[in-house]
Each structure stands twice: as C-alpha cells, then as structure tokens.
Amino acid sequence: MTHRVDDMPLPLWLPESGSGPGIVLIQEIFGLDAYLTGIAEKLAALGYVVAVPELFHRFQPGWVGEHDEAGIAKSMEVVGNLDFPLAVQDVVKSVQYLRGLPEVTGGVGVFGFCLGGTLAYSAAVASDPDTAVAFYGSGVPDQIGALDQVSCPIQFVFGTEDSFITEYQKVVDAVEDHDHAEVHLEPAGHAFLNHLGPWFDAAAADRAWDISVQFLARTLPA
C-alpha cells in the first residue's frame, strides 16, 4: 500500500502480525527497484513496518534505474537534481509520519544504502530516529564531525575495496569515542549488498546483513 507525506509517495510494507516498530528504508540512486523492494520485504518479514520515501518525486517521479553501465550513468544524472537538505527533510518527515501510524508500535529507525546511507546518517544528525543503519554512504566520512549530534544507536557499514569511499577510516576513528556508534568493514567494493549491481559480493552481503539484523534486534527489537 502507498501512503503520502505531503506530495511524496510513501509505499508501506506491513509484517505478518500487522504491526511492529517502524523502519524508514532509504533508496540508492536506482529508486524503488527490485533490490530495495526485496529489502523492504525482508525487513517486514522480521516484524517491522517498512516505509520507502520516494526521494526523486519532485523531478523524476517513479524513477527506477537499471544496473548496467548506461543505467548507472543515467541514475547518476537523475540524482544530480536532488536537493540534499530537502531529501533529509523527506526522511525526517517519514519518520514522524510512521510514528503517527496505529500499525507502528515501538520506535522508528532509519536504514539506508549508498545515497540512502548518507541520508540515514544526516537524518540521525538532524532529528531523533530510534536507531540508524548507514551502508556505504559516500557523504558520511566528510560529515562524520557531526557524530556528536547523533542521539541514537548508529551502525556504519563500508567495503574496504570501495573506490567511491576511500576515507572510511575517518569513520572508524570517530566511532571509537562514541558508545552508541559502531562500524563494520567488509573486504568488498561499493554497493556490495545489491545483488542486481556489478559490485555484488554474496559472502560479504550475507555477513553484513546478519550483523545489521542483529544490530536492529538490539536497538529496535521487533
């Protein structure tokens, strides 16, 4: 089912029980593709109410990008139109919207990949989700100085072979001084969890997914 927050579509997945804690799942540059739909279904199967804000609704509504070379190039072109502060607001509004739903019992977290990883971190800096997971957000290392402003538990995941994010060590160093932050590294490239993409690494994906699910179970139990 699709809800709306202002003019933004917000597709929703419910767990089998019909209720649970909420997760705002934040897209990569490819939009709500089969990969992200699959992640939403997996999180719902774990007992979460999952919402995916359509971040490109202002300029490319319904965008779904292909994962081949041409599709990646086109998706990069599309994301160039994104107003990042507005996108952070969209995520924050989605968290607030979920908190008001009768189906959401418990807290609401944010969980994002790539572009969505940066947005998950930025939303945790700017607002008060109950937990946050940020997979390989390319903007995170440069913004990690704001980690003091994050009040919730937060988990960062990076691939050590990621050619787009070479400064992940900044995050590793910053996390050492924060009780509620942790970082997990995999010997893999960018977007290694996305089975539709060229960087998919099945072993790394399985390990990182399990670790993130355990983190959610600790910080936002369903």
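Up top is the structure.
Below you will find a few notes about this structure. No experiment lies behind these values; they were computed from the predicted model shown. Each chain carries its own residue numbering, running from 1 in the direction its sequence is written. Residues qualify for local features only when their pLDDT is at least 70, as the model is predicted, and side-chain atom pairs are given and counted only at 80 or more; totals for whole chains, interfaces and linings, by contrast, use all residues. Hydrogens are left out, water is left out, and the side-chain values use all remaining heavy atoms of the structure.

## Re the overall build of the protein
No. 1: Looking only at helices and strands, the protein features seven helices and eight strands.
No. 2: Once the C-alpha set of the protein is aligned to its principal axes, its extents read approximately 40 × 40 × 30 Å.
No. 3: Per-residue burial for the protein yields a buried fraction of 57% across its 222 residues.
No. 4: Throughout, a contact is declared for two residues whenever any of their heavy atoms are within 4.5 Å. At a minimum sequence separation of 6, the contacts of the protein that also span at least 24 residues come to 68%.
No. 5: Only four residue types enter the tally: Lys and Arg on the positive side, Asp and Glu on the negative side, with His and both chain ends excluded. Charge coordinates come from a single atom per side chain, which is NZ of Lys, CZ of Arg, CG of Asp or CD of Glu. Charge separation in the protein, taken as the distance between the mean sites of 9 positive and 30 negative side-chain charges, equals 5 Å. For the purposes of this entry, the term helix denotes a DSSP run of H or I that reaches at least four residues, the term strand denotes a run of E that reaches at least two, and both are numbered from the N terminus. Each residue is assigned to one of three classes by its accessible area relative to the maximum for its type, calculated with a 1.4 Å probe on protein chains only: buried under 20%, partly exposed between the two thresholds, exposed over 50%.

## Describing the packing of aromatic side chains
No. 1: Note on aromatic pairs: the rings of Phe, Tyr and Trp (six-membered ring only in Trp) are paired at centre separations within 6.5 Å, and the planes decide the class, stacked below 30 degrees, edge-to-face beyond 60, tilted for the rest. Considering all chains together, one arrives at 13 aromatic pairs under this definition.
No. 2: On the basis of an interplanar angle of 40° and a centroid distance of 5.3 Å, the ring pair of phenylalanine 111 and phenylalanine 113 is categorised as tilted. Taken individually, phenylalanine 111 and phenylalanine 113 each receive the classification buried, so the pair is uniform in this respect.
No. 3: For a ring to carry a charge above it, either NZ of a lysine or CZ of an arginine must fall within 6 Å of the ring centroid while also lying within 35 degrees of the normal to the ring plane. Sitting over the face of the ring of tryptophan 209, lysine 42 holds its NZ or CZ atom 4.5 Å from the ring centroid.

## Things to note about the sheet that holds strand S7 (residues 154–159)
No. 1: Should DSSP find at least two bridges between two strands, the strands are taken to pair. Taken in spatial order, the eight strands line up as S1-S2-S4-S3-S5-S6-S7-S8 in an open sheet, and their pairing is mixed. Every interior strand has two partners, whereas the edge strands, strand S1 (2–5) and strand S8 (181–186), have only one. Across this sheet, the average inter-strand angle for adjacent strands is 20°, counted without regard to direction.
No. 2: When strand S6 (residues 132–135) meets S7, the two strands line up parallel, connected through four bridges. By the bridge assignment, phenylalanine 135 is partnered in S7 with valine 157. Axis geometry follows a simple rule: fit a line to the C-alpha atoms, using only the stretch in contact for helices, then measure angles between N-to-C directions, giving values from 0 to 180 degrees.

## A closer look at the environment of leucine 193
No. 1: Its location among the elements puts leucine 193 in the loop between S8 and helix H7 (202–219).
No. 2: When the C-alpha positions of leucine 193 and glutamate 182 are compared, they lie 19 Å apart, and in sequence the two are eleven residues distant.
No. 3: Sequence-distant contacts of leucine 193, that is, excluding residues within four places in its chain, are made with Tyr35, Ile39, Phe113, Phe135, Tyr136, Phe200, Ala205 and Trp209.

## A short note on the layout of surface pockets
No. 1: Cavity and pocket criteria rest on a 1 Å grid covering protein atoms alone: a 1.4 Å probe that fits but cannot get out defines a cavity, protein on both sides within 12 Å along at least 5 of 7 lines defines an open pocket, and an atom within 4 Å of a point defines a lining residue. Grid points are joined across faces, edges and corners, and a volume is the space filled by probe spheres set on the points. Looking at the largest pocket, its volume works out to about 350 Å³.
No. 2: Considering the residues around the largest pocket, the lining is formed by 17 residues, among which Ile29, Met76, Cys114, Ser138 and His190 are closest to the centre.
No. 3: Elements represented by at least two residues in the lining of the largest pocket include exactly helix H2 (69–79) and helix H4 (115–126).
No. 4: Counting residues per element, the lining of the largest pocket draws most heavily on H2, which supplies three residues.
No. 5: Throughout, the ten residues Ala, Val, Leu, Ile, Met, Phe, Trp, Tyr, Cys and Pro are labelled nonpolar, Asp, Glu, Lys and Arg are labelled charged, and all others, Gly among them, are labelled polar. Taken together, the residues that form the lining of the largest pocket break down as eleven nonpolar, five polar and one charged.
No. 6: In this structure, the second largest pocket occupies an estimated 160 Å³ of space.
No. 7: Taken together, Tyr35, Gly38, Ile39, Lys42, Leu193, His195, Phe200, Ala205, Asp206, Trp209 and Asp210 form the lining of the second largest pocket.
No. 8: Breaking the lining of the second largest pocket down by element, the ones donating at least two residues are helix H1 (34–45) and H7.
No. 9: Classifying every residue of the lining of the second largest pocket by side-chain character gives six nonpolar, two polar and three charged.

## Comments concerning the packing of helix H3 (residues 84–99) against H4
No. 1: Here H3 crosses H4 at 70°, and the two axes come no closer than 9 Å. With respect to H4, the axis of H3 lies roughly perpendicular. Contact residues: Phe84, Ala87, Val88, Val91 and Val92 in H3; Leu115, Thr118, Leu119, Ser122, Ala123 and Ala126 in H4.
No. 2: Across the contact of H3 with H4, the residue classes tally to nine nonpolar, two polar and no charged. Oblique is the label for any angle not covered by the other classes, which are roughly parallel (under 35 degrees), roughly antiparallel (over 145) and roughly perpendicular (65 to 115).

Just distances and angles here, no functional claims.
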